[in-house]
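What follows is each chain in one-letter form.
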Amino acid sequence: MKPLQGKVAVVAGSTRGAGRGIAASLGEAGATVYCTGRSIRGQASDLNRAETIEETAELVTARGGKGIHVQTDHTVEADVKALFERIDQEQNGQLDILVNNIWGGEKLTEWKKPFWEHSLSNGLLMQERAVKAHLITSHYGAPLLVRRNSGLIIEVTDGIDYRYRGSLFYSLAKISPIHLATAMAADLKPHGVAAVAVTPGFLRSEEMLEHFGVEESNWMDAVNSGIQDAEHFSQSETPYFVGRGVAALAAQHDLMERSGRVFSSWQLSDEFNIIDVDGRQPHWGNYAMQHGFL
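As a starting point, this report considers the structure included with it. Being a predicted model, the structure only gives us computed values, none of them experimental.

Summing up its helical and strand segments, the protein chain has 11 helices and 7 strands in all. Taken along its principal axes, the extent of the C-alpha atoms in the protein chain is 55 × 45 × 40 Å. Within the span of the protein chain, comprising 294 residues, buried residues form 55% of the whole. Put simply, 69% of the contacts in the protein chain that link residues at least 6 apart link residues at least 24 apart.

A separate point is empty space enclosed by the protein. Here the structure, examined in full by the defined rule, presents 1 cavity of 30 Å³ or more. Quantified by volume, the largest cavity comes out at close to 30 Å³. Lining the largest cavity are Leu47, Arg49, Glu106, Lys107 and Glu207. The class makeup of the residues in the lining of the largest cavity is 1 nonpolar, no polar and 4 charged.

The subject of this paragraph is the side chain of Ser234. Tracing the sequence through the fold places Ser234 in the loop between helix H7 (220-224) and helix H8 (239-250). Within polar-contact distance, the side chain of Ser234 engages the backbone oxygen of Glu231 at 3.4 Å. Ignoring sequence-local partners within four residues, the contact set of Ser234 consists of Trp219, Met220, Val223 and Arg280.

The end-to-end C-alpha distance of helix H1 (residues 17-28), which contains 12 residues, comes to 17 Å, matching closely the 16 Å that a straight helix rising 1.5 Å per residue would cover. Most of H1 sits out of view: 11 of its 12 residues are buried. All of the buried residues along H1 are Gly17, Ala18, Gly19, Arg20, Gly21, Ile22, Ala23, Ala24, Ser25, Leu26 and Gly27.

Empty space within the second largest pocket amounts to approximately 310 Å³. Around the second largest pocket sit 18 residues that line it, and Lys7, Gly151, Ala250, Gln252 and Leu255 are the ones nearest its centre. Residue composition of the lining of the second largest pocket, grouped by class: 9 nonpolar, 5 polar and 4 charged.

Take a nonpolar patch on the surface next. A contiguous nonpolar patch, built from Phe115, Trp116, Tyr164, Leu168 and Leu172 and spanning about 590 Å² of accessible area, is present on the exposed surface. Counting through the fold element by element, Phe115 comes out in the loop between strand E4 (97-100) and helix H4 (120-148). The exposure class assigned to Phe115 is partly exposed, which follows from its relative accessible area of 46%.

So, about the sheet that holds strand E1 (residues 8-12). The strand order across the open sheet built from 7 strands is E3-E2-E1-E4-E5-E6-E7, with neighbouring strands paired in parallel fashion. The sheet terminates laterally at strand E3 (66-71) and strand E7 (262-264), the two strands that pair on one side only. Sheet twist, expressed as the mean angle between neighbouring strand axes with direction ignored, is 20 degrees. Sitting on the sheet, H8 is in contact with E4, strand E5 (152-156), strand E6 (194-199) and E7, with an inclination near 160 degrees to E6. The strands touched by helix H10 (residues 265-272) within the sheet are E6 and E7, with E7 carrying the most contacts at an inclination of about 75 degrees.

Turning our eyes to something else, we now look at the environment of Arg147. Looking at the element boundaries, Arg147 is found in helix H4. Setting aside residues no more than four positions away along its own chain, Arg147 makes contact with Asp88 and Gly93. Polar contacts involving the side chain of Arg147 include one to the side chain of Asp88, which spans 3.0 Å.

Parameters and conventions
- Residues numbered from 1 in each chain as written.
- Predicted model: local features only at pLDDT ≥ 70, side-chain atom pairs only at ≥ 80, totals over all residues.
- Heavy atoms only, no water.
- Helix = DSSP H or I, 4+ residues; strand = E, 2+ residues; numbered from the N terminus.
- Buried < 20%, exposed > 50% of the residue type's maximum accessible area, 1.4 Å probe, protein only.
- Contact = heavy atoms within 4.5 Å.
- 1 Å grid on protein atoms, 1.4 Å probe; cavity = no way out; pocket = protein on both sides within 12 Å on 5 of 7 lines; lining within 4 Å.
- Points joined across faces, edges and corners; volume = space filled by probe spheres on them.
- Nonpolar A, V, L, I, M, F, W, Y, C, P; charged D, E, K, R; others polar.
- Polar contact = N/O pair within 3.5 Å; in protein donor to acceptor, adjacent residues only side chain to side chain.
- Expected span 1.5 Å × (residues − 1).
- Patch = residues over 30% accessible without salt bridge, like charges linked within 9 Å, V, L, I, M, F, W, Y side chains within 5 Å.
- Areas by Shrake-Rupley, 256 points an atom, 1.4 Å probe, with all protein chains shown as cover.
- Salt bridge = Lys/Arg side-chain N within 4 Å of Asp/Glu carboxyl O.
- Pairing = 2+ DSSP bridges.
- Axes fitted to C-alpha atoms, helices over the stretch in contact; angles between N-to-C directions.

Following this line, the structure appears as structure tokens:
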């Protein structure tokens, strides 16, 4: 069964990580997915990583959907405006799901530094990418949803609440999408459009695998070797875990009742019996509560 067959989605920031997992999973559920980001083959972003939006679009198609890549810098208003004008034209005005996953702040965060010692330019760039870019994207994407009086906006973040996350700038960048979802839900309610925030647990992203010096095929080696900070890596999840949760959520008929809330990958797994692509069913929530993280 393809519960999202005939649906049109945008995953903004789908080059890698959770964005790629969400895009591929929406494709697995049958959706047409516009995969956007800055990195294309032969032209990497300033993050200088190998992943591209073409690869993500190919994954979408390979898993049963239709992947369309569109190079977009979501901090540039003209780029975003052109993206949604193209979707409006190509899809006859149809847009059902908008996922805001723009981030790119991993190397900007200076951990264990008080905010007055943290690079101000890096901290502000983090807000530009994780807050301003989300606002621009929703500003131009929401009218397509409102026009049809249906649809869903998903703000991807880190965490389920407003607690401090170890860095003021990082906290602001990750808490803001939660409030964006709450506030957008209020504005969109009269128009039958829902907005929620979604968070993965310990994400086993391409960058995290690289950090621990392992690949997806041997990721547990990082845990077994006793690498510093790898203790909790045993409870990590692939980007497809939250991706499959998002796809299941987007297929529900009670989205307006869920609007304004925050959903975690483990909560979605509990509700929809989501299994990760490696056959596991990690539960970062239980683990984090046992260790005092939540």
